[in-house]
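# Per-entry structural report
Here's the letter readout for the chains.
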Amino acid sequence: MTITYPKKVTIVEVGPRDGLQNEKQFVPTDVKIDFIKNLFHAGINEMEITSFVSPKWVPQMKDAGEIVEASKSYSQQQIVLVPNQKGIERAIDTGCHSLAVFVGVSDTFNKKNINKTTRESMDELLPIIQKLKNQGIFVRACISTSFYCPYEGKIEKERVVDLCREFVEGGVDELSVADTIGMANPMECYTLFSDLKEAFPNTLITAHFHDTRKMALSNILASLQAGVDRFDCSAGGLGGCPFAPGATGNVATEDVVFMLHQMGIETGIDLPLLLDAVDGIANHVERPLDSAQYRLRKQGSVNQA
Ligand code: HMG
Ligand code: MG
């Protein structure tokens, strides 16, 4: 059997949002803006730049409005996360054109994350999505706990497909399907993403892997084999959800870019410039950044694609 891989892959950078939301110490707004600017100059075209969530729940994201204003001159697709009607209104008032709603397949996780059951979230969001589409807004739906939930354990594939179908029928442009706690294995990824690609051929399908157990690159390879050509990644491997205990950072953008370039798959990203962006944020975050590419860079190695 011949395995086919895409010639080009789109990286959706989530570092400024997923990457920083879990940082306890407030990262100054101008540092966040520089991070976004540096990522843009490295060739990132699609990026989650911030979230319009409650500042009481996630104080790190309290400067969302300023971030959006300051990032407007960068022409890439700038996505902001919104949990509810209030977040959507704040984002639209700030002039955002690409919104990401987020819902957990698991009720328990959704309650902890957004204070609603999955059904309550869907009942609130679906009518709003329709209106957003009528206004020409790009809508991405992030599906948390698509493999495992920190509270409910293994999530059945059918529940994920059913939730995705509701979103697709509701008109979303993109599904970002997440392994929130970094527990999925390559076979589970291959199976779920094959099913999603087949069920929703006209919807962008993106895989979002946290790298808690260092299985993210293997899971990306399996997802590529299932036909996925879009991956959420976080520069420096930053990230994690404050309401998903045990979850660590997202897969590091630089390690994904290196692997893809070595495989002859284009990303449009300049790895040395990307590592400059990682360097720029490294001193402003509490956790040490330990992606393979960043470690090699600090050691002065030239092993860069
Ligand atoms: P709640 O307390 O139930 O909210 O929180 P509420 O509707 O009862 O309102 C309470 C107060 O919050 C009110 O203000 C509202 O106005 C205000 P008060 O009258 O008390 O002054 N409020 C807001 N303020 C600003 N922006 C808003 C907003 N909404 C209400 N949007 C809420 C519900 C959804 C707000 C809260 O639970 C929340 O903000 N949750 C966000 C959690 C979060 O950001 N999690 C991380 C992102 S998801 C993720 O990382 C997963 C992902 O990466 C994929 C994966 O890996 O799985 C995407
Ligand atoms: Mg995440």
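Cut-offs applied
Residues numbered from 1 in each chain as written. Chains lettered and ligands numbered in written order. Predicted model: local features only at pLDDT ≥ 70, side-chain atom pairs only at ≥ 80, totals over all residues. Heavy atoms only, no water. UniProt positions renumbered as here; feature names shortened; annotations may be inferred. Near = heavy atom within 4 Å. Polar contact = N/O pair within 3.5 Å; in protein donor to acceptor, adjacent residues only side chain to side chain. Areas by Shrake-Rupley, 256 points an atom, 1.4 Å probe, with all protein chains shown as cover. Axes fitted to C-alpha atoms, helices over the stretch in contact; angles between N-to-C directions. Helix = DSSP H or I, 4+ residues; strand = E, 2+ residues; numbered from the N terminus. Parallel < 35°, antiparallel > 145°, perpendicular 65-115°, else oblique. Contact = heavy atoms within 4.5 Å. Nonpolar A, V, L, I, M, F, W, Y, C, P; charged D, E, K, R; others polar.

The name that an unreviewed UniProt entry assigns to the protein chain is Hydroxymethylglutaryl-CoA lyase, with the source organism given as Bacillus carboniphilus. Under the UniProt heading Sequence similarities (unreviewed entry), the note attached to the protein chain is "Belongs to the HMG-CoA lyase family."

Bringing the site of ligand 1 into the picture now. The local shell around ligand 1 holds 28 residues, among which Q21, S54, N115, S144 and T180 are the closest. Between ligand 1 and D18 there is a distance of 2.8 Å, counted from an oxygen atom to a side-chain nitrogen or oxygen. Here a nitrogen atom of ligand 1 and a side-chain polar atom of R90 are 2.8 Å apart. In isolation ligand 1 exposes 1,100 Å². Once the protein is present, 76% of that is buried.

This part is about the packing of helix α2 (residues 29–41) against helix α11 (residues 271–282). Following both chains from N to C, one finds α2 and α11 inclined at 170°, their axes separated by 8 Å at the closest point. The angle between the axes of α2 and α11 places the two elements in the roughly antiparallel class. Counting all contacts with α2, which are made through V31, F35, N38, L39 and H41, the residues of α11 involved are L273, L274, A277 and I281. Residues of the contact of α2 with α11, tallied by class, amount to seven nonpolar, two polar and no charged.

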